[in-house]
Amino acid sequence: MDFGEFALSDKPEDRRKREVKAASAECVPISVSRETQSGVFKGSSRNYNTWITECECTDFRRRNLPCKHMYRLAQELGLYDLSSVKEDAEKVKWKITPQRRAESYEKVIALIETYPEETQIELQSVLSDRYGDMTHICQDSSLLEKPIADGLVEMVDSPITIVERHYQKTTVEGMLAAGFIFPDDVKQTKKARYQWCLEHPSVACSYAYPGYCVVRTIGDLEIANRKVYTYLNERF
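Calculation notes
Residues numbered from 1 in each chain as written. Predicted model: local features only at pLDDT ≥ 70, side-chain atom pairs only at ≥ 80, totals over all residues. Heavy atoms only, no water. Core = buried A, V, L, I, M, F, W, Y, C linked by side-chain atoms within 4.5 Å. Buried < 20%, exposed > 50% of the residue type's maximum accessible area, 1.4 Å probe, protein only. Helix = DSSP H or I, 4+ residues; strand = E, 2+ residues; numbered from the N terminus. Contact = heavy atoms within 4.5 Å. Phe/Tyr/Trp six-rings, centres within 6.5 Å; stacked < 30°, edge-to-face > 60°. Pairing = 2+ DSSP bridges.

## Thoughts on the nonpolar core
And step 1. Ranked by size, the top nonpolar core spans 22 residues in total, and within it Phe3, Cys55, Phe60, Met70 and Tyr80 carry the most contacts.
And step 2. For this core, the secondary structure elements donating two or more residues are α1 (3–8), α2 (12–23) and α4 (68–76).
And step 3. No other element matches α4, which puts four residues into this core.
And step 4. Sequence-distant contacts of Phe60, that is, excluding residues within four places in its chain, are made with Phe6, Thr53, Glu54, Cys55, Leu65, Cys67 and Met70.
And step 5. Of all hydrophobic cores here, the second largest spans 19 residues; its members include Tyr115, Val126, Cys138 and Leu221.

Here it is in structure tokens:
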């Protein structure tokens, strides 16, 4: 029985759950051997040896069906395709141990201490918006060049977010000041012009909000976000 047939022996809902976890960055193998079709994965308390038809983890030993490590190993060996669940995998919430959180905090603070003050203040705003359940909009993307390069934040391609977070007067007047000419079939009212901007957010941003970008926390900053937020608030 090949791995695909083995996977299909599991219930669809259980298979999907493990596929999503397998596609997550948290399930990257420590090592993979194509010769023996095996891999080593980091577990919560120890590392697990994994093969296409067997794994040392508790999930496999309990169910005797493919676990997330086996799915990921099959993907790494080119025997299984997890691309269809990548988007769902990015939404998986993982339990972070206190040790992992502490390690991430130390890494982030060490990096932050090397940044200019204006970059640190911008990161404080990023985290502040995060706790306000809002995506952060940076007005000067150059401020976050180093955090982006260090894998603490990433830009999100969402010009509509920038337009929606600004008043119609601000957006329309910004467009006109930048020399944009609205199409003849658009009424000369702020409401109509703003609606056009909502329908063409990329164009609107290029004129009214050049240099603006949408960002979110990732990596160690996402793991240690609350402690870093407290640290920056005490500084500024």
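## Structural notes on the packing of aromatic side chains
And step 1. This model, assessed by the stated rule, comprises eight aromatic pairs.
And step 2. Here Phe3 and Tyr71 contribute two aromatic rings whose centre-to-centre distance is 5.4 Å and whose plane-to-plane angle is 85°, an arrangement assigned as edge-to-face. On the criterion of sequence distance, the pair formed by Phe3 in helix α1 and Tyr71 in helix α4 is long-range, its members being 68 residues apart. Accessibility classification places Phe3 together with Tyr71 in one group, the buried group.

## Comments concerning the pairing of strand β3 (residues 47–51)
And step 1. Alternating residues of β3 divide into Tyr48 and Thr50, all buried, and Asn47, Asn49 and Trp51, none buried.
And step 2. Relative to β3, strand β2 (residues 38–42) runs antiparallel, the two being bridged by five bridges. Pairing of Lys42 across the sheet is with Asn47, part of β3.
And step 3. If you look at the hairpin formed by β3 and strand β4 (residues 54–55), you'll find two residues sitting between the two strands.

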